[in-house]
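# Tertiary structure, described
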Amino acid sequence: MREFDCITVDYFKHEELLLWKIKDTGMPNFCLKGLQEFKEFSEWVQDFFSHPNRPLKFIVSASEHKGVYNMGGDLPFFLNNIKNKNISKLQEYAHLCIDAMYTMYTSFNLPVITVALLEGNAYGGGFEFALAHDFMIATEGVKLGLPENKFNLFPGMGAYSLLFRKLNTVDADRIIRSGKVFNARYFESLGLINTIAEKESAMVGLHSLAKKLNERFNFEYYHSICKKKVFPLKKEELIEITDVWVDACMKISNLDLRRMEILAKAQFRKSKVLIN
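Residues numbered from 1 in each chain as written. Predicted model: local features only at pLDDT ≥ 70, side-chain atom pairs only at ≥ 80, totals over all residues. Heavy atoms only, no water.

## Structural notes on the overall build of the chain
Selection rule: Secondary structure is summarised from DSSP: a helix means a run of H or I of at least four residues, a strand means a run of E of at least two, and numbering begins at the N terminus for each. Contacts are assigned to residue pairs with any non-hydrogen atoms lying within 4.5 Å of each other. Note on areas: Shrake-Rupley, 1.4 Å probe, and residue coverage restricted to the protein chains presented here.
In terms of helices and strands, the chain carries 11 helices and 10 strands. Taken along its principal axes, the extent of the C-alpha atoms in the chain is 55 × 40 × 35 Å. Counting contacts in the chain only where the partners sit at least 6 residues apart, residues at least 24 apart contribute 76% of the total. Here the chain displays about 13,200 Å² of accessible surface, and carbon together with sulfur accounts for 52% of that area.

In structure tokens:
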């Protein structure tokens, strides 16, 4: 198996399952280097599993970071480029986020089912990325949310497109407007999370779900395909929204930037605890 700087890869041939995780080094968020490498990773996945001797039905994403699936956007990167009015850098970052999200949403252009394995919290872009999967498993106590409006911005990497397709407009609007963090049980009640696993038993829950899905794979795979045809999502829509996000970044106030900085510092403290 190929090695990556930011990603670990495990292939369970018997279950036809690929499990990839964000490595437990550095900040557990979407940094520019990680996004660039994800593009390489997705190309490798498509090439490697085009071979008939490497059967694949499931692609699962997870994180090695204890307690965190993904913290979302790279806030220090945002702060630096907003302060310096570097629109092109922000746009490059935003478009790479859309590339990653749409790659997951389209299942790497492979005939597979995608699963987000949430053994920890997912915020902002991390939650948006999880939403791009066909199924979500979360362990008990996991929290998810979109905090962007705490610093007067909105989630620009898929939340609108996915939540308004997967939920009713009232619930989708409430989640985005609130800026709150919700327990996984709440999202299970809305149908966004498919399975809640006991803590320390996430892999048991994953293999159990994979077994159930495999028993009716023909239905589950084509069921997902049909849902996406009924509620089609084009990459152009995602690009247009994320370009609006870049424009909005250039218009937030100094007070909003200070709020973003406070959250960035909180994320850094959290990541240091996780690493140590």
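Having put the structure on the table, let's press on.
## So, the packing of aromatic side chains
Filter applied, for reference: To pair, rings of Phe, Tyr and Trp, with the six-membered ring standing in for Trp, must have centres within 6.5 Å; the planes then decide the type, stacked if under 30 degrees apart, edge-to-face if over 60, and tilted in the middle.
Enumeration over the complete set of coordinates arrives at 28 aromatic pairs. Here the aromatic rings of Y160 and F164 are separated by 6.2 Å at their centres, their planes lie at 0 degrees, and the arrangement is stacked. Of the two residues, Y160 and F164 are both situated in helix α5 (residues 159–166); the distance of four residues between them amounts to about one turn of the helix. These aromatic residues form a ring-pair network of at least three members: F4, Y11, W20, F30, F38, F41, W44, F48, F49, F108 and F129.

## Re the pattern of salt bridges
If charged atoms from side chains of opposite charge come close, those side chains can pair. This is how the line gets drawn: When a carboxyl oxygen of Asp or Glu is within 4 Å of a side-chain nitrogen of Lys or Arg, the pair counts as a salt bridge. Note on classification: 1.4 Å probe, protein chains only; a residue is buried when its accessible area is under 20% of the maximum for its type, exposed when over 50%, partly exposed between these limits.
Evaluation of the coordinates by the stated rule reveals 13 salt bridges. The shortest N-O distance in the salt bridge between E92 and K89 comes to 3.6 Å. Note that E92 and K89 are positioned in helix α3 (residues 87–105) at a spacing of three residues, about one turn of the helix. Judged by its relative accessible area of 31%, E92 is partly exposed. Between R259 and D256 there is a salt bridge; the shortest N-O distance is 3.5 Å. Taken as a pair, R259 and D256 lie in helix α11 (residues 254–275) at a separation of three residues, close to a single helical turn. What makes R259 partly exposed here is its relative accessible area of 40%. Via salt bridges that share partners, K39, D99 and K235 belong to a single interconnected network.

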